[in-house]
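Descriptive analysis of the structure
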Amino acid sequence: MTRLANLTWLMLGGFLLGFFWMVAGLLCSLSVVGLRLGRRCFEIGRYIFWPFGSKLSIDGISGLPVAGHVAWLFLLGQLLALLAFVLGTIFCVTVIGFPFGLLYFKLAKTALFPMNARVTAAGSSAQQTP
């Protein structure tokens, strides 16, 4: 069932959002300073491609200085959040697309502060290291 949900998700905009997260990861990885943020973008991008069967939690733990958060927010974060918000709004109009819309809104929040997000496997309670 999760495989079918993931394939439906990919066809309904998940591929587009995941692609942009991977591009953001590549852009962040161009500099030594952005390597940790680039790694987090790749982690979130993998989650976006296959969200069902994994869990995304947003907590207050951050490994990036305030200047890094501000730079992310103005360079890439607001664009990714806007894309996720627009897709979420489109999907929340229909009853069938409502669960996908809620996931897009969660991803919009994640796009603003990606260092506060943790991706875990569905059956595991252990978190991945930052």
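Just so it is clear, the structure is predicted and the values come from calculations on it, not from any experiment.

Comments concerning helix α3 (residues 66-92)
Taking 1.5 Å of rise per residue, the 27 residues of α3 would be expected to cover 39 Å, yet its terminal C-alpha atoms sit only 33 Å apart, more than 12% below that figure. The largest bend in α3 is about 55°, located at Leu 73. Of the positions making up α3, those classed as buried are His 69, Trp 72, Leu 76, Gly 77, Leu 80, Ala 81, Ala 84, Leu 87, Gly 88 and Phe 91. Check the buried side of α3 and you find it contacts α1 (2-28), α2 (35-49) and α4 (98-112).

A few points about the packing of α1 against α3
One way to put it is that α1 packs onto α3 with a least axis distance of 11 Å and a crossing angle of 175°. With respect to α3, the axis of α1 lies roughly antiparallel. Here Leu 12, Gly 13, Leu 16, Leu 17, Phe 20, Trp 21, Ala 24, Leu 27 and Cys 28 of α1 lie close against α3, whose contacting residues are Trp 72, Leu 76, Leu 80, Leu 83, Ala 84, Leu 87 and Phe 91.

Considering the environment of Thr 94
Residue placement: Thr 94 occurs in the loop between α3 and α4. Residues Thr 94 and Asp 59, 35 residues apart in the sequence, show an inter-C-alpha distance of 30 Å. Engagement of the side chain of Thr 94 in a polar contact is seen with the backbone nitrogen of Gly 97, the distance being 3.0 Å.

Quick notes on the environment of Val 33
The residue Val 33 is located in the loop between α1 and α2 in this model. For the pair Val 33 and Gly 68, spaced 35 residues apart in sequence, the C-alpha to C-alpha distance is 9.0 Å.

Things to note about the confidence of the model for the protein
Summary statistics for the protein give a mean pLDDT of 84 and a share of 90% for residues scoring 70 or more. Contacts of residues 126-130 to residues separated by more than four positions or lying in other chains number twelve contacts, the stretch itself having pLDDT below 50.

Describing the pattern of salt bridges
The final tally for this structure, using the stated rule, is one salt bridge. The residue Glu 43 makes a salt bridge to Arg 40 at a minimum N-O spacing of 3.6 Å. You can see Glu 43 and its partner Arg 40 sitting in helix α2, three residues apart, about one turn around the helix. The exposure classification of Glu 43 matches that of Arg 40, with both residues buried.

Regarding α2
Note that an α-helix has 3.6 residues per turn; residues three or four places apart therefore point the same way. Compared with the 21 Å implied by 1.5 Å per residue over 15 residues, the 21 Å span of α2 between its first and last C-alpha is a close match. For α2, the complete set of buried residues consists of Leu 37, Gly 38, Arg 40, Cys 41, Glu 43, Ile 44, Gly 45, Tyr 47, Ile 48 and Phe 49. Those residues of α2 that are buried are in contact with α1, β1 (54-58), α3, α4 and β2 (117-121).

Each value, and the rule that gives it
- Residues numbered from 1 in each chain as written.
- Predicted model: local features only at pLDDT ≥ 70, side-chain atom pairs only at ≥ 80, totals over all residues.
- Heavy atoms only, no water.
- Helix = DSSP H or I, 4+ residues; strand = E, 2+ residues; numbered from the N terminus.
- Expected span 1.5 Å × (residues − 1).
- Bend = angle between axes of the 7 residues up to and from the residue.
- Buried < 20%, exposed > 50% of the residue type's maximum accessible area, 1.4 Å probe, protein only.
- Contact = heavy atoms within 4.5 Å.
- Axes fitted to C-alpha atoms, helices over the stretch in contact; angles between N-to-C directions.
- Parallel < 35°, antiparallel > 145°, perpendicular 65-115°, else oblique.
- Polar contact = N/O pair within 3.5 Å; in protein donor to acceptor, adjacent residues only side chain to side chain.
- pLDDT = per-residue confidence, 0-100.
- Salt bridge = Lys/Arg side-chain N within 4 Å of Asp/Glu carboxyl O.

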